[in-house]
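# Examination of the molecular architecture
In case you want the letters, here they are:
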Amino acid sequence: MPAFTTLTAMGIEDLDQISRFQVMERDDHDELKVCFQRPAGSCLPASLKFRFPHGNNPEVQATLHRAMDELEQILGQRNADPRAAILHNLEQFERVMEAKMAEIKHRLATLPA
């Protein structure tokens, strides 16, 4: 895998586990959220957030754009087939829903009758 210097400098080491990312504009900053596909039982975070403040420093926005370019390159290499990407998203959603349903059932079972 080629060197992704911006992401590495940001502390992102598990490049092969990146599943998606999104950028949200806030009042005084842009927020980059990087999501990971972690193995079951992993204690590593499922996502990381990075804040890029708005202001007079053009290097901050340049860093954000380099990180986005690297993320798009990583995900583009893996998601060349759009059907496979949609199926992957559907499977991920199903796992989340199953875990949430199990949690709710467990909470319900622990309530007094």
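Provided above is the structure to which this section pertains.
Structure report, in brief. Bear in mind the structure is a predicted one, so any value in this text is a computation, not a measurement.

The next subject is the sheet that holds strand β1 (residues 18–25). Read from one edge of the open sheet, three strands run β1-β2-β3, paired in antiparallel fashion. Looking at which strands have only one partner, the edges of the open sheet turn out to be β1 and β3 (47–53). Pairwise comparison of adjacent strand axes, ignoring direction, gives a mean angle of 15° for this sheet. Alignment of strand β2 (residues 29–36) against β3, held across seven bridges, turns out to be antiparallel. Each residue of the ladder has a partner; that of H29, found in β3, is P53.

Turning to the side chain of T6, a few remarks are in order. Within the secondary structure, T6 is located in helix α1 (residues 5–9). Look at T6 and you get buried, because its relative accessible area is 8%. Setting aside anything within four residues of it in sequence, one finds T6 in contact with T63, R66, A67 and E70.

Ranked by internal contacts, the top residues of the largest apolar core, which has 18 residues, are L7, I12, I18, L32 and V34. Those elements giving two or more residues to this core turn out to be β2, β3 and α2 (58–78). Per element, the largest residue contribution to this core is seven residues, and it comes from α2. Those residues in contact with V34, other than ones at most four positions away along the chain, are I12, I18, R20, F21, A46, S47, L48, F50 and L71.

The rules we used
Residues numbered from 1 in each chain as written. Predicted model: local features only at pLDDT ≥ 70, side-chain atom pairs only at ≥ 80, totals over all residues. Heavy atoms only, no water. Pairing = 2+ DSSP bridges. Helix = DSSP H or I, 4+ residues; strand = E, 2+ residues; numbered from the N terminus. Axes fitted to C-alpha atoms, helices over the stretch in contact; angles between N-to-C directions. Buried < 20%, exposed > 50% of the residue type's maximum accessible area, 1.4 Å probe, protein only. Contact = heavy atoms within 4.5 Å. Core = buried A, V, L, I, M, F, W, Y, C linked by side-chain atoms within 4.5 Å.

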